[in-house]
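# Structural overview
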Amino acid sequence: MRYISTRGQAPELNFEEAMLTGLARDGGLYVPAEWPQMSADDIAALAGLPYEEVAFRVMKPFVDETFSDAEFREIIQRAYAGFDHAARCPMVQTGPNDWLLELHHGPTLAFKDVAMQLIGQMFETSLKRSGQRVTIVGATSGDTGSAAIEAFRGLSSVDVFILYPHGRVSEVQRRQMTTPVEDNVHALAVDGDFDTCQALVKDMFNDLEFRDRVRLAGVNSINWARVLAQAVYFFTAAVSLGAPARKVSFTVPTGNFGDIFAGYVAKRMGLPIDRLVIATNQNDILHRTLQSGAHEKEGVAPSISPSMDIQVSSNFERLLFDLYDREGSAIAQLMDELKENGQFTLSQGALDRLRAEFDSGRASEEETLAEIRLMAETTGHVICPHCAVGTKVAREAHGSAPMVTLATAHAAKFPDAVEQACGIRPDLPPRMADLYERPERLTRLPGELSALEKHIEGTL
Ligand SMILES: *Cc1c(COP(=O)(O)O)cnc(C)c1O
């Protein structure tokens, strides 16, 4: 499988290169040159298989020759061995035709683990083989950073630097990043919001000299391998509800558009998905885009679902690429407009296609709190604020197909908001119970490229 940039000006890469590179050198994102197809029979054959085997069958055509079958199966086994549920990503029913897809059974209690644990194992296998060492730099709104640190801590061929917005992540999220003791992991508290952090990482990748000097690698959701790993659970969920014979809909709490884009990938591969519903919090740029066709940045308003406090939704570029018939120059132009004017407007054709694939909705802060309470009262499930944004929007978007809402984090990651909403303070699982006692280690830095680059080079 070849990978091409959404902006059409970067070299084509194979899977291994795309995985290790992250952002393309023309500023674009790598996407597969075509969508491999799974037939109805292929999909039906997934029923009842272990998660790991479904993962192997769904991802193998994208990974191609990078790993042998045996190697790839081992990577997948190791990636999910630390999950605390045998189904890895189990479903629970919450209504007559409603399900939650629980994605928070990994080590840091959020869905980011599903991809990051896999990436950690793939990086290790690949770098050991070539004897290389890389520097991973990532930005986080909270959950990506902890998942990355957890996945890469102690690995010999990798240093990890995670930029998070100072004072804007939950205490559990921060402690998950600042308490690991391995000296190859570095938590950087940056003055600014998540978009600042993400822009700094992008600028670092676009500083080609620095990029080459430190052998920069990215694991943000701009990394294709992450999106790919997330496509798997759309298959396991849909098949458990009767796909391919029956269509299934998904509602996805959305920030950077990675998780929902993975659903789109599953659909492109042949999974019969009825509706893909984008659920946003008050930072609702994507919902507004679907309504008006104008993709317009506003300031980020901090919310009780901080992992979705995003206005620059990076993976949306991958979808735009398809909406514009894979014309790299058209995407480069839109992205220039966004950078210069803080907005662009979709062509009518692109907007029609977007609406043909996706629905959207938003939940305000009050609605999110009310939803947590409602779910606790009517189903007995205590859910996290991100998930609540999803179930609220799912209820409004419901059609006749079964509706699966992605439960993206464990409620105990956001105990204050959950307690405020429903009076129940969710406990951390026993394996993490001493998190609040472990000593923290972090470096506070200004949101300036030169200061960050200097710090990183000085630390290596
Ligand atoms: C990252 C995250 C999201 C948003 O996912 P995207 O792929 O960025 O759209 C939603 N919920 C939680 C808990 C997250 O950590």
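One structure accompanies this document, and this report is about it. Residue positions are counted from 1 within each chain, in the order its sequence is given. Thresholds applied to this predicted model are a pLDDT of at least 70 for local features of residues and 80 or more for the giving and counting of side-chain atom pairs; totals over whole chains, interfaces and linings are not thresholded and use all residues. Working from all heavy atoms in the structure, the side-chain values ignore hydrogens and water.

### Notes on unusual backbone geometry
Most peptide bonds are trans, and most residues other than glycine sit at a negative phi. Of the consecutive residues Ala 243 and Pro 244, the connecting peptide bond is found in the cis state with omega at 5°. Counting through the fold element by element, Pro 244 comes out in the loop between helix H10 (224-240) and strand E9 (248-253). At Asp 64, a position not held by glycine, the phi torsion is positive, near 60°. For Asp 64, a relative accessible area of 29% puts it in the partly exposed group. For Arg 326, which is not a glycine, the phi torsion comes out positive at approximately 60°. Inspection of the secondary structure puts Arg 326 in the loop between helix H13 (316-323) and helix H14 (328-341). A relative accessible area of 25% means that Arg 326 is categorised as partly exposed. Every helix listed is a DSSP run of H or I at least four residues long, and every strand listed is a run of E at least two residues long, numbered separately from the N terminus. In this scheme, a residue with accessible area under 20% of its type's maximum is buried, one over 50% is exposed, and one in between is partly exposed, where area comes from a 1.4 Å probe on protein chains only.

### Focus: the site of the ligand
Residues in close proximity to the ligand total 15 residues, the closest being Lys 112, Asp 143, Gly 255, Asn 256 and Thr 408. At 2.4 Å, a side-chain N or O of Asp 143 approaches an oxygen atom of the ligand. Nitrogen and oxygen atoms within 3.5 Å of one another constitute a polar contact, given that in protein one can donate a hydrogen and the other can accept it, and given that sequence-neighbouring residues count only through two side-chain atoms. Contacts to the ligand include Gly 255, whose backbone N or O atom sits 2.8 Å from an oxygen atom. With residues, only the protein chains shown are counted as cover, and all accessible areas are computed by Shrake-Rupley using a 1.4 Å probe. For the ligand, whose accessible area on its own is 380 Å², the fraction buried by protein is 98%. Under the scheme applied here, ten amino acids are nonpolar (Ala, Val, Leu, Ile, Met, Phe, Trp, Tyr, Cys and Pro), four are charged (Asp, Glu, Lys and Arg), and all others, including Gly, are polar. Classifying every residue of the shell around the ligand by side-chain character gives 5 nonpolar, 7 polar and 3 charged. By convention in this text, a residue qualifies as near a molecule or strand provided that one of its non-hydrogen atoms is within 4 Å of it.

### Overview of the sheet that holds strand E4 (residues 98-102)
Criterion used throughout: strands pair if DSSP finds at least two bridges between them. A sheet is described by the order of its strands in space; here 6 strands give the open sequence E3-E4-E14-E9-E10-E13, paired in mixed fashion. In this open sheet, the two strands that pair with only one neighbour each are strand E3 (91-95) and strand E13 (358-362). Each strand axis lies, on average, 25° off the axis of its neighbour in the sheet, ignoring direction. For E9 and strand E14 (residues 403-407), the ladder comprises 3 bridges, and the chain directions are parallel. Its bridge partner lying in E14, Phe 250 is registered against Val 404. Helix axes are fitted to C-alpha atoms over the stretch in contact, other axes to C-alpha atoms as well, and angles between N-to-C directions run from 0 to 180 degrees.

### A word on the sheet that holds strand E6 (residues 158-165)
Note on sheets: strands pair through backbone hydrogen bonds, and any given pair is parallel or antiparallel. The sheet built from 5 strands is open, its strands ordered E8-E5-E6-E7-E15 with parallel pairing. Pairing within the sheet leaves two strands with one partner each, and these edge strands are strand E8 (216-217) and strand E15 (443-445). Note: strand E5 (residues 134-139) against E8, 2 bridges, orientation parallel. Residue pairing for E8: Thr 135 is matched across the bridge by Leu 216. Sheet contacts for helix H7 (residues 171-178): E6 and strand E7 (185-190); angle to E6, the most-contacted strand, approximately 155°. Residue contacts follow a heavy-atom distance rule, with two residues in contact if any of their heavy atoms lie within 4.5 Å.

### Looking at the environment of Leu 46
Summarising the element assignment, Leu 46 is placed in the loop between helix H2 (40-44) and helix H3 (51-63). In sequence terms Leu 46 and Thr 108 are 62 residues apart; their C-alpha atoms lie 28 Å from each other. In this view, Leu 46 contacts Met 38, Val 54, Arg 57, Phe 235 and Val 239; residues no more than four positions away in its chain are not counted.

### Considering the nonpolar core
By size, the foremost hydrophobic cluster in this structure holds 113 residues, and its most contacted members are Phe 123, Phe 152, Phe 234 and Phe 250. Among the elements that make up this core, the one with the highest residue count is H10 (13 residues). What Phe 152 contacts, discounting residues up to four positions off in sequence, is Met 116, Ile 119, Gly 120, Phe 123, Ile 136, Val 158, Val 160, Asn 184 and Val 219. Core analysis: the second largest hydrophobic core is formed by 22 residues, Val 137, Ala 139, Met 204 and Ile 310 among them. Take the buried residues of types Ala, Val, Leu, Ile, Met, Phe, Trp, Tyr and Cys, join any two whose side-chain atoms come within 4.5 Å, and each joined set is a nonpolar core.

### Re the packing of helix H4 (residues 69-80) against helix H5 (residues 112-130)
Across the interface, H4 lies against H5 with an axial gap of 8 Å and an inter-helix angle of 135°. In terms of axis orientation, H4 runs oblique to H5. Two packed elements cross with a definite hand, and for H4 against H5 that hand is right-handed. Contacts from Glu 71, Phe 72, Ile 75, Ile 76, Arg 78, Ala 79 and Tyr 80 of H4 reach H5 at Val 114, Gln 117, Leu 118, Gln 121, Met 122, Thr 125 and Arg 129. Considered class by class, the residues forming the contact of H4 with H5 number 8 nonpolar, 3 polar and 3 charged. Roughly parallel refers to an angle under 35 degrees, roughly antiparallel to one over 145, roughly perpendicular to one between 65 and 115, and oblique to any angle outside these ranges. Take the far helix as the reference: if the near one is turned anticlockwise from it by less than a right angle, the crossing is left-handed, and if turned clockwise, right-handed.

The values reported here are purely geometric and, on their own, carry no functional implication.
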